[in-house]
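What follows is each chain in one-letter form.
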Amino acid sequence: MNKGIETIAADNIRILAAAMVEKAKSGHPGGAMGGADFINILFTEFLNYDPSDMTWINRDRFFLDPGHMSPMLYATLSLAGFYSMEDLSNFRQWGSVTPGHPEVDVLRGVENTSGPLGQGHTMAVGAAIAERFLAERFGEWMSHKIYTYISDGGVQEEISQGAGRIAGFLGLSNLIMFFDSNDIQLSTDTDAVTKEDTAKKYEAWGWNVMTITGNDVDQIRQALKKANAEKEKPTLIIGKTIMGLGALTAAGENFERKCATHGMPLGEAGASFELSIKNLGGNPENPFVIFDEVKSLYEKRKTVLINSAAAKKAEMKEWETANAALAAKLNLFFSKNTPEFDFSAIAQKDNSATRAASSAVLAEFAGKVENMIVSSADLSNSDKTDGFLKKTRAFKKGDFSGSFLQAGVSELTMACLANGMALHGGVIPVCGTFFVFSDYMKPAVRLAVLMELPVKYVWTHDAFRVGEDGPTHQPVEQEAQIRLLEKLKNHKGHNSMLVLRPADANETTVAWKMALENNHTPTALILSRQNITNLPVEGNRYESALQAEKGAYIVSKPEGKPDVVLVASGSEVATLVEGAKLLKEKDNLKVQVVSVPSEGLFRSQSKEYQSGVLPVGIPRFGMTAGLPVTLEGLVGENGKIWGLESFGFSAPYTVLDKKLGFNGENVYNQVKEMLG
């Protein structure tokens, strides 16, 4: 039977994918072999980008959800000219550019880091929101499509509900998702774990749904045409594909639709690698080859893409000439430059909760930091992101003129959407919820850290002082967990996250300044529910709080050498100030009080600065509303830490402060005991 060029190209992808896994003796060939027909049609006929300018802002984006199908993506991108055969043959090896699960590499065509199932397609929803936000402001001339690819596992992950619900609710017709429905997953067939009607589920969320034979190129082509013509809804194309398409046994028998090929090389799964490659038209002795006719197909597509992008760039140039001010704004949005903003002009109320202080900053951002998108998981009136919302409006279907996303009760989804917005570019994503619910967000936060995305997290209700809501809502271990990401280095050798717990309203203003200026890692702001007494400051409070930009600074310094140094972050700093006053009044002790909003940033300062703030040889006492380990690196083994070693309790926070020893009197008693 004569094969068409589309099938030959797909077979080329299948051969390369299987060969990569076989050589590495590790990986997932079956799904890649089944999905090759769709991705080939997508890349050769529909996906618009500029091969000569991969960062072109108006390119279509392709987000892969099942990162284990990286062989399919790498193989396709090798046909497009972005990976060499040597790159593919070094799949999963030290120092290679083809890791086991894709890591964002826009210049090679990899738009997102994927691996944890469900997150990749949810990032695509975030990118689609960013595209609509920008097109609303600059015109439909810059509209483009967001394509994404999901597997059975991604559909099963709970996050798919949040992504599906929000995309349908907002009518993201720029979003096109292909569901590689091969009825096989890693350890079982899908019918061992689910009987749901996926099509009806997505239709209920407001999606345009089509079901096709996922290895039929004509059906794929027609489905993509219909999806591109859709104007009201996101589209789901359910492609019934064949796991391990083309695989044969050593006896030449069919070995398709086998669970084993999902997660191991063909030769280990029970198939014959050699006969499978021959069956697909390749040479098992030299499988890392691009067929001549396939090379020609992709070179022709490259020419078409470059010419098409050039025409669109010319259109953009005309728009820029006619709209100089808007063009300058668009350029700023996509630059790494921090928007100009006068933080010193923000008026903060004395002795306010840091969540309220954050709200005051967000209210000033609204309308001034024009590419900021703020979202909240149904808590905007509690996490005080409504300071921003009150000056704009929430997104709704067909209207992205506002700048707020009501994410609903879906913290992980919201965090993944923020990652997708950041990956798309042009916007500054902010998302808020209670700190205890950061537990729901950590998988997405971890990927934001890995991808070095400048997402801003607003985490409020930072301690047991949530009070009457009880231990389910009182974070104790969360700060210790998230601060580990300050200690973890990213692949560039930098602190992988900036974590800030400001001590009063003025530090909160500075914390937001640091967050806005941090465009190379995520930033967390950990904020109080209850009011906090302002730190004692002589002169301009904002100028004094700017010392927080070094991660830690001296709030109160005695004359001469201190007898003891007190260390904390957040509201506990004010408690230390109370204790220091008692130590001075009752025992004439010289006390140095230190605020440490970010230990990671502090440890990045010079040794001289660090020793000035925390002098060597001076006893230290730390107080934290979290686990004592939170301050161990600052206090040291010869000091003492007062923290929580159990969950909290349901009671008014003033009662909890007294019962749990978070007051000036207990600071006095603990320091006296420590000093003997």
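The structure this text deals with has already been given above.
About the thresholds
- Residues numbered from 1 in each chain as written.
- Predicted model: local features only at pLDDT ≥ 70, side-chain atom pairs only at ≥ 80, totals over all residues.
- Heavy atoms only, no water.
- 1 Å grid on protein atoms, 1.4 Å probe; cavity = no way out; pocket = protein on both sides within 12 Å on 5 of 7 lines; lining within 4 Å.
- Points joined across faces, edges and corners; volume = space filled by probe spheres on them.
- Helix = DSSP H or I, 4+ residues; strand = E, 2+ residues; numbered from the N terminus.
- Nonpolar A, V, L, I, M, F, W, Y, C, P; charged D, E, K, R; others polar.
- Pairing = 2+ DSSP bridges.
- Axes fitted to C-alpha atoms, helices over the stretch in contact; angles between N-to-C directions.
- Contact = heavy atoms within 4.5 Å.
- Core = buried A, V, L, I, M, F, W, Y, C linked by side-chain atoms within 4.5 Å.
- Buried < 20%, exposed > 50% of the residue type's maximum accessible area, 1.4 Å probe, protein only.

Draft legend 1. Seen up close, the layout of surface pockets. Considering only enclosed or pocket space, the largest pocket measures out at about 1300 Å³ in volume. Lining the largest pocket are 44 residues; nearest its centre among them are Val104, Lys336, Met451, Glu452 and Leu453. Those elements giving two or more residues to the lining of the largest pocket turn out to be helix 14 (324–334), helix 17 (411–424), strand 8 (428–434) and helix 18 (438–451). Looking at the lining of the largest pocket residue by residue, the class counts come to 21 nonpolar, 14 polar and 9 charged.

Draft legend 2. Structural detail: the sheet that holds strand 4 (residues 208–213). In spatial order, the strands read 1-2-3-5-4; together these 5 strands make up an open sheet with parallel pairing. Taken across any chain shown, the strands that pair with only one partner, and hence form the sheet edges, are strand 1 (61–64) and strand 4. On average, each strand axis in the sheet is tilted by 20° relative to the strand beside it, whichever way the strands run. Here strand 1 runs beside strand 2 (residues 146–151); their pairing, made up of 4 bridges, is parallel. Within strand 2, the residue paired with Phe62 across the bridge is Tyr147. The sheet strands contacting helix 5 (residues 119–138) are strand 1, strand 2 and strand 3 (175–181), and the helix crosses strand 2 at an angle near 160°.

Draft legend 3. Region of interest: the nonpolar core. Counting residues in hydrophobic clusters, the biggest one holds 72 residues, and the most contacted among them are Ile129 and Met497. Top contributing element to this core by residue count: helix 5, with 10 residues. In contact with Ile129, not counting residues within four places along its chain, are Ile166, Leu170, Leu172, Phe395, Phe400, Leu405, Leu417 and Met421. Ranked by size, the runner-up nonpolar core spans 64 residues in total, among them Ile15, Val21, Met54 and Ala271.

Draft legend 4. Inspection of the sheet that holds strand 14 (residues 591–595) at higher detail. In space, the 5 strands of this open sheet follow the order 12-14-13-15-16, with mixed pairing throughout. This sheet does not close on itself; its edge strands, each paired only once, are strand 12 (553–556) and strand 16 (640–642). Averaged over all pairs of adjacent strands, the angle between their axes in this sheet comes to 30°, without regard to strand direction. Where strand 13 (residues 564–568) lies against strand 14, 5 bridges are found, and the strand directions are parallel. Each residue of the ladder has a partner; that of Leu566, found in strand 14, is Val593.

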